Amino acid sequence: MAFVVFRPTMGRVCVYIDGFNLYYRALKGTPYRWLNPLHLAQRLLRPEDTVEGLRYFSARVSSRAGDQDAPRNQQVYFSALRTLPNLDIHLGRFLTKTKKRPLAADPRSFVEILDTEEKGSDVNLAVHLLHDAWRGRFDVALVLSQDTDLIEPIRLVCKELTKPVGLIWLDGRQANRDMAAAAGFVRHISQADLAAAQFPARLQGVQGKLIEKPQGW
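Note that the coordinates shown come from a computational prediction; the quantities given were computed from them, not determined experimentally.

Calculation criteria
- Residues numbered from 1 in each chain as written.
- Predicted model: local features only at pLDDT ≥ 70, side-chain atom pairs only at ≥ 80, totals over all residues.
- Heavy atoms only, no water.
- Helix = DSSP H or I, 4+ residues; strand = E, 2+ residues; numbered from the N terminus.
- Buried < 20%, exposed > 50% of the residue type's maximum accessible area, 1.4 Å probe, protein only.
- Lys, Arg positive; Asp, Glu negative; His and termini not counted.
- Salt bridge = Lys/Arg side-chain N within 4 Å of Asp/Glu carboxyl O.
- Polar contact = N/O pair within 3.5 Å; in protein donor to acceptor, adjacent residues only side chain to side chain.
- Contact = heavy atoms within 4.5 Å.
- Phe/Tyr/Trp six-rings, centres within 6.5 Å; stacked < 30°, edge-to-face > 60°.
- Lys NZ or Arg CZ within 6 Å of the ring centre and 35° of its normal.
- Pairing = 2+ DSSP bridges.
- Axes fitted to C-alpha atoms, helices over the stretch in contact; angles between N-to-C directions.

Enquirer: Describe in detail the side chain of Asp147, supporting the description with residues and values.
Expert: Looking at where Asp147 falls in the secondary structure, it is placed in the loop between strand S6 (140-144) and helix H5 (151-160). Of the side chains with opposite charge, Arg25 comes closest to the buried, unpaired Asp147, at an N-O distance of 7.7 Å. At a separation of 2.9 Å, a polar atom in the side chain of Asp147 contacts the main-chain amide nitrogen of Asp149. If we skip the residues at most four places from it in the chain, Asp147 touches Asp18, Asn21, Asp122 and Met179.

Below is the structure:
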């Protein structure tokens, strides 16, 4: 059974972005990592809608084998994000630790692996979504995430506070049935949306410093 996708009449809109979820679901391996989330949100809305605020949830990454420039590139991207009006960056933690795991071919044999995990973005997003809804800071919210841990806060805002939450599905597949049922509406982003919502290759930072798109992005 297909979900109905629609966009209701909106007004004041707040946008909640799960940075890691967005990256791994829609941006990794594409030429669209230099994404302007304000422009993306505006493509998903009507001209009369106003983006009152954007909240971007992430964590500082560490250098990894094959991607030693990851921390620097992320910081450059954060600088680009900070040029946007009414955008707040909320940082959780990025943990790197070693774990022992069994081999698939021989479960009796264990190997030590380097495990990375981002902590805090889903909780931070849920808390701010609920808090902003209670404070009446938006008429409609957009949530860019496919994290099913957000089902309950989305449901509470839609059903208990009667404020529609638009679930922005990222990977081009059918939306998770339970998340879609909790949300007020579902909207899918396309490669065309991502391509049209890019920062310029060079832009001026908030303190006048030139910001340049990272090489390879």
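Enquirer: How would you summarise unusual backbone geometry if you had to cite specific residues and measurements?
Expert: Positive phi outside glycine occurs at Asn86, with the angle close to 60°. By the element assignment, Asn86 lies in the loop between helix H3 (70-81) and strand S3 (87-91). Located in the positive-phi region is Thr162, a residue other than glycine, with phi close to 50°. You can see Thr162 is positioned in the loop between H5 and strand S7 (165-169).

Enquirer: Provide a residue-level description of the packing of aromatic side chains, including the pertinent values.
Expert: Evaluated as defined, the whole model comprises 10 aromatic pairs. Judged by centre distance (5.0 Å) and plane angle (90°), the ring pair of Tyr23 and Tyr24 falls under edge-to-face. Tyr23 gets classed as partly exposed once you look at its relative accessible area, which sits at 26%. For Tyr24, a relative accessible area of 43% corresponds to the partly exposed category. Measuring from centroid to centroid gives 6.4 Å for Tyr56 and Phe78, while their planes differ by 75°, and the two rings are edge-to-face. Taken together, the positions of Tyr56 in strand S2 (residues 50-58) and Phe78 in helix H3 put the pair 22 residues apart, joining distant regions of the chain. Both residues of the pair, Tyr56 and Phe78, belong to the buried class. Here a set of aromatic residues connected by ring pairs shows up, and it is made of Trp34, Tyr56, Tyr77, Phe78, Phe199 and Trp217. A cation sits over an aromatic face here: Lys163 above Phe138, 5.9 Å from the ring centre.

Enquirer: Give a detailed account of the sheet that holds strand S8 (residues 185-188), specifying residues and quantitative values.
Expert: Pairing is parallel in the open sheet, where six strands are placed in the order S3-S2-S1-S6-S7-S8. Every interior strand has two partners, whereas the edge strands, S3 and S8, have only one. Pairwise comparison of adjacent strand axes, ignoring direction, gives a mean angle of 20° for this sheet. Pairing geometry for S2 and S3, over five bridges, is parallel. Paired with Leu54 across the strands is Leu87, a residue of S3. Here helix H1 (residues 19-27) sits on the sheet in contact with strand S1 (12-18) and S2, set at roughly 70° to S1. Contacts from helix H2 (residues 37-44) reach S1, S2, S3, S6, S7 and S8 within the one sheet, and its direction differs from that of S2 by about 130°.

Enquirer: Report on the environment of His90, specifying residues and quantitative values.
Expert: Inspection of the secondary structure assignment puts His90 in strand S3. Placed 33 residues apart in sequence, His90 and Phe57 show a C-alpha to C-alpha distance of 4.8 Å. Setting aside anything within four residues of it in sequence, one finds His90 in contact with Arg55, Tyr56, Phe57, Ser58 and His128. A distance of 3.0 Å separates a polar atom in the side chain of His90 from a polar atom in the side chain of Arg55. Polar contacts involving the side chain of His90 include one to the side chain of His128, which spans 3.5 Å.

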